[in-house]
Amino acid sequence: MPALAKLLNPNLFPSLPSNRHPPPPPTTTGTSSSRRSPPIPIPKYPPPLKSKKAQNDPPPPPPNPAFKTHHRNSRYYRPIKPDSPVVSSDGDRSVVIGESGVSYLLPGAPFEFQYSYSETPSARPLAMREPAFLPFAPPTMPRPWTGKAPLKSSKKKKKIPLFDSFDPPPPGKKGVKYVEMPGPLHLGKRPKEGRTREEILGEPLKRWEIKMLVKPHLSDNRQVNLGRDGLTHNMLELVHLHWKRRRVCKVRCRGVPTVDMDNVCRHLEEKTGGKIIHRVGGVVYLFRGRNYNYRTRPQYPLMLWKPAAPVYPKLIQEAPEGLTKAEADDLRKKGKNLLPICKLAKNGIYLTLVKDVRNAFEGSPLAKIDCRGMHASDYKKLGAKLKDLVPCVLLSFDDEQILMWRGKDWKSMYPEPTVPLAEKGKIDDACKARDVKKIISSPKMTSLWERAIQSSKALLLDELNLSPDDLLKRVEEFEGITQATEHSYPALILSSERATGSSVAAYEDGSTSQSEDYTEDGFPYGDDDEYDDFCENDPFEEADWSAPLGSLPVDSLTEKLSQDQKRPNS
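Residues numbered from 1 in each chain as written. Predicted model: local features only at pLDDT ≥ 70, side-chain atom pairs only at ≥ 80, totals over all residues. Heavy atoms only, no water.

(A) Local environment of the overall build of the protein. The helix and strand inventory of the protein stands at 15 helices and 12 strands. Counting the 570 residues in the protein, one finds 30% classified as buried. Contacts spanning at least 24 positions in sequence make up 71% of the contacts within the protein whose residues lie at least 6 apart. As presented, the protein carries roughly 41,900 Å² of accessible surface, and 55% of it is formed by carbon and sulfur atoms. (Helix = DSSP H or I, 4+ residues; strand = E, 2+ residues; numbered from the N terminus. Buried < 20%, exposed > 50% of the residue type's maximum accessible area, 1.4 Å probe, protein only. Contact = heavy atoms within 4.5 Å. Areas by Shrake-Rupley, 256 points an atom, 1.4 Å probe, with all protein chains shown as cover.)

(B) Broad picture of the pattern of salt bridges. In total, this model carries 16 salt bridges according to the counting rule given. The partner of Asp 220 in a salt bridge is Arg 246, with the nearest N and O atoms 2.2 Å apart. With Asp 220 in the loop between helix H5 (207-214) and strand E6 (224-226) and Arg 246 in the loop between helix H6 (234-245) and strand E7 (248-253), this pair connects stretches of sequence that are 26 residues apart. In this structure, a network of salt bridges that share partners links the residues Asp 229, Lys 306 and Lys 381. (Salt bridge = Lys/Arg side-chain N within 4 Å of Asp/Glu carboxyl O.)

(C) Up close: the sheet that holds strand E2 (residues 86-90). Taken in spatial order, the 3 strands line up as E2-E3-E4 in an open sheet, and their pairing is antiparallel. Single-partner strands in this sheet number two, and they are E2 and strand E4 (101-105). On average, each strand axis in the sheet is inclined to that of its neighbour by 15°, with strand direction left out of account. Pairing of strand E3 (residues 93-98) with E4, which is carried by 5 bridges, proceeds in the antiparallel orientation. Bridged to Gly 98 within E4 is Gly 101. (Pairing = 2+ DSSP bridges. Axes fitted to C-alpha atoms, helices over the stretch in contact; angles between N-to-C directions.)

(D) Examining unusual backbone geometry more closely. For the bond from Gly 183 to Pro 184, the omega torsion is 0°, close enough to zero to count as cis. For Pro 184, the position within the fold is in the loop between strand E5 (127-128) and helix H4 (197-201). Of note in the backbone geometry, Asn 347 takes a positive phi value of approximately 55° without being a glycine. Relative to the helices and strands, Asn 347 resides in the loop between helix H8 (325-336) and helix H9 (353-361).

(E) Up close: the pairing of strand E12 (residues 401-405). In terms of burial, E12 is largely enclosed, as 5 of its 5 residues are buried. Alternating residues of E12 divide into Gln 401, Leu 403 and Trp 405 and Ile 402 and Met 404, and every residue in both groups is buried. Bridge analysis of strand E10 (residues 366-370) against E12 gives 5 bridges, and the strand direction is antiparallel. By the bridge assignment for E12, Lys 368 is matched with Leu 403. Relative to E12, strand E11 (residues 393-396) runs antiparallel, the two sharing 3 bridges.

(F) Local environment of H8. Across its 12 residues, H8 extends 17 Å between first and last C-alpha, which sits within 8% of the 16 Å expected from 1.5 Å per residue. Regarding H8, the residues found buried are Ala 328, Leu 331, Arg 332 and Gly 335. When H8 is viewed along its axis, its buried side chains cluster within an angular range of 100° and face the same direction. Opposite the packed face of H8, turned more than 90 degrees from it, sit the exposed residues Ala 326, Lys 333, Lys 334 and Lys 336. Buried residues belonging to H8 abut E10, E11 and E12. (Expected span 1.5 Å × (residues − 1). Arc of directions from axis to C-beta.)

(G) Inspection of the packing of H9 against helix H10 (residues 376-389) at higher detail. Relative orientation of the contacting elements H9 and H10 amounts to 65°, with a least axis distance of 11 Å. The chirality of how H9 crosses H10 is right-handed. The residues of H10 that touch H9, namely those facing Leu 353, Val 354, Val 357 and Arg 358, are Leu 382, Leu 386 and Leu 389. Grouping the amino acids of the contact of H9 with H10 by side-chain chemistry returns 6 nonpolar, no polar and 1 charged. (Left-handed = near helix turned anticlockwise from the far one by under 90°. Nonpolar A, V, L, I, M, F, W, Y, C, P; charged D, E, K, R; others polar.)

(H) Examining the sheet that holds E12 more closely. The strand order across the open sheet built from 3 strands is E10-E12-E11, with neighbouring strands paired in antiparallel fashion. Here the strands that pair on one side only, and so sit at the sheet edges, are E10 and E11. Pairs of neighbouring strands in the sheet enclose a mean axial angle of 30°, with direction left out of account. Seen against the sheet, H9 touches E10 and E12 and runs at an angle of roughly 145° to E10.

(I) A look at the packing of aromatic side chains. Enumeration over the complete set of coordinates arrives at 8 aromatic pairs. Ring geometry for Phe 111 versus Tyr 117: centroids 5.8 Å apart, planes at 80°, classification edge-to-face. Classification of Phe 111 as partly exposed rests on a relative accessible area of 22%. On the basis of relative accessible area, Tyr 117 is assigned to the buried category, the value being 6%. Between Phe 111 and Tyr 300, the ring centres sit 5.5 Å apart and the planes meet at 65°, which makes this aromatic pair edge-to-face. Taken together, the residues span a long stretch of sequence, with Phe 111 in the loop between E4 and E5 and Tyr 300 in the loop between strand E9 (283-287) and H8 at a distance of 189 residues. Taking relative accessible area as the criterion, Tyr 300 reaches 13% and is therefore assigned buried. (Phe/Tyr/Trp six-rings, centres within 6.5 Å; stacked < 30°, edge-to-face > 60°.)

(J) Layout of the pairing of E2. Pairing analysis gives 4 bridges linking E2 to E3, with the strands arranged antiparallel. From the neighbouring strand, Ser 88 faces E3, where its bridge partner is Val 95. Taking the residues between adjacent antiparallel strands as the criterion, E2 and E3 are bridged by 2 residues, where Gly 91 takes a positive phi near 75°.

(K) Structural context of the nonpolar core. Ranked by size, the top nonpolar core spans 34 residues in total, and within it Tyr 104, Phe 113, Phe 136, Leu 226, Val 251 and Val 284 carry the most contacts. For this core, the secondary-structure elements that each account for two or more residues are E3, E4, E6, H6, E7, helix H7 (261-272) and E9. Ignoring anything within four residues of it in the chain, the contact list for Tyr 104 reads Ser 94, Val 95, Glu 112, Phe 113, Phe 133, Leu 134, Pro 135, Phe 136, Met 303 and Pro 307. Within the second largest apolar cluster, 22 residues are counted, among which are Ala 367, Ile 369, Leu 386 and Met 404. (Core = buried A, V, L, I, M, F, W, Y, C linked by side-chain atoms within 4.5 Å.)

In short, shape yes, function no, at least from these values alone.
Here it is in structure tokens:
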């Protein structure tokens, strides 16, 4: 094998001799002539012509900074000076930083526009995350318009009839959507053009009118969904679009805003101009008004994008209010072994969360809420709301749980007894001489108690220091009275003809009037009753006032009138 490696030609089996001539040796000179031409010639294209327009065009303008998108993780940071609330301005339009966060001032606007009206933190922002631009359509924004050019108007102008609430389309007209007429209106009344909120709302709704308006929407899914951002600016136009077709707009609230539903309802009424007539859980029914006209509604410009949220102060501090760092760390260690008071679901309804936290602070200085599965921004917003509503001090958001401390200035919801209990069953003299604490109730509850007492459904005790035997005797007497009233009919039954005639005369004179406890619409509540008067199980269940036929005074009136008509004219 080493011998074979030294051979120049290691081929041991050469081919047989043939008549072919060996190939000529390659030549080094004339390489271009030795290359063979390709079977298909390569086409030769002419060089591109230089246009004269390109030589005369001006240089391209520098890129506009508005096209640059600033991410939330970008390094853009512009501190806000407390002395200068105006961040940027373009004539009459400006971006302002105030107590309600970032707002936009436009000429002729009825109020300052914001991205979210109900979910704005109470703390003042510290810095901006992006350049301040007005997020509205041109010409109200300095950002260059990147949309398509408008279509060219045709030469033939079509006459399109315009319909509104005061001039609805005729019934059965094809190609026209239904427009809801104003109302409900009383018999003989017509809608009036109104400019202010009171003029558009008109007279307060009766109880039967509220039932009539709300009942069709109970099982309907045509609604406005209100989520973690709360009442946003573009929802105002969406509510008016619902009001164009129907008199009531159903708003379904879920998530963080449901912690403070009173705040959401207040902003809904202020910004839209409507009236909340019914509320169940997180669902709100918003009435547009008796004299509402879609044509004369307030029209606001729409926001084209969501502005970046500014930088706010940190919710969790190493040494919170009234604590040192060592004390705060000690409370955080104790909170790790603390059981949460509740488990919150994503996009749930948290109506009783504030009450649950206050009740938890009655038994422990710490309280924890389990928020596992929720978005980080959601439970941080919840912590910020609880800090203001409870109030409390936030300690940590570790492990997707909100840990709170009740603070040093905490006061119990239940007042402590001023007089200590006497020992061995003896009553102290101070306990006898103490003044009875008067509880001030709402006017509605006072009227309900008065009606219950007048209808013999409740008993008012003049004496407070009653023995158990005396109290039991009073209860037995009252029970007999209530049984007698339940089995009697609330009607005036007269047997003699003379008594009937006297009652008819009294009705003709107008001396007998409707009871003060009942209103014109037949309900035992006033017209100013709010939506919380409805029953929880069936809010529209009417009371059944049954009485035997012919036992009411109006029956005797009807009988006498029918007898007068049957008599021949004398």
